[in-house]
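These are the residues of each chain, in order.
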Amino acid sequence: MLFSSACAGPADSSHLAESTWKFVSIDGEEPASQSAELTFERAQLDATVGCNALGGPWRTEADRLIAGPLEQTEMVCEGPVWGQEKAVGALLAATPKYEVEGNRMVLRSSGHIAELTREEEPGPGG
């Protein structure tokens, strides 16, 4: 999506690949932006909470999401989106545990937690 990396490593073939997830809560709070989402391409993860974009290679190992090195745009953001953006960046950098049950995912580190729902795939012609 936003970032590409020549050294992204092997493609991840897990059940997260080629999926998009909307944030439902970040540290127990509703996302400040309706556009807050996390997208997993084959070898690239992209995240936005509503201001800056964050991305880099990713893979899973056991129950951990391993992302990085991550690159981030550096626009100045104001209000609650700024704190949520920092929380999501810290969460992804912390090799969080992830749990997927149906269309719900929880990412959890020692300092942060995020709940997400899988976006439905667009139908033919959509």
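Presented here is an overview of the structure given in this document.

A closer look at empty space enclosed by the protein
Line of reasoning, step 1. Across all of its chains, the model carries one cavity of 30 Å³ or more by this definition.
Line of reasoning, step 2. By volume, the largest cavity is sized at about 50 Å³.
Line of reasoning, step 3. Considering the residues around the largest cavity, the lining is formed by Ala47, Thr48, Val49, Asn52, Ala53, Leu54, Gln72, Glu85, Val88 and Gly89.
Line of reasoning, step 4. At the level of elements, β3 (44-48), β4 (53-61) and α1 (80-93) are the ones that each hand at least two residues to the lining of the largest cavity.
Line of reasoning, step 5. Among the elements that line the lining of the largest cavity, the one with the most residues is α1, at three residues.

Examining the pattern of salt bridges
Line of reasoning, step 1. A full pass over the atoms with the stated rule returns four salt bridges.
Line of reasoning, step 2. Note that Glu37 is salt-bridged to Lys22, the shortest N-O span being 3.8 Å. With Glu37 in strand β2 (residues 37-40) and Lys22 in strand β1 (residues 19-26), this residue pair connects regions lying 15 residues apart in the sequence.
Line of reasoning, step 3. Taking the shortest distance from any N to any O, the salt bridge between Arg104 and Glu115 comes out at 3.2 Å. Taken together, the residues Arg104 in strand β8 (residues 104-108) and Glu115 in strand β9 (residues 113-118) connect sequence positions eleven residues apart.

About the cut-offs
- Residues numbered from 1 in each chain as written.
- Predicted model: local features only at pLDDT ≥ 70, side-chain atom pairs only at ≥ 80, totals over all residues.
- Heavy atoms only, no water.
- 1 Å grid on protein atoms, 1.4 Å probe; cavity = no way out; pocket = protein on both sides within 12 Å on 5 of 7 lines; lining within 4 Å.
- Points joined across faces, edges and corners; volume = space filled by probe spheres on them.
- Helix = DSSP H or I, 4+ residues; strand = E, 2+ residues; numbered from the N terminus.
- Salt bridge = Lys/Arg side-chain N within 4 Å of Asp/Glu carboxyl O.

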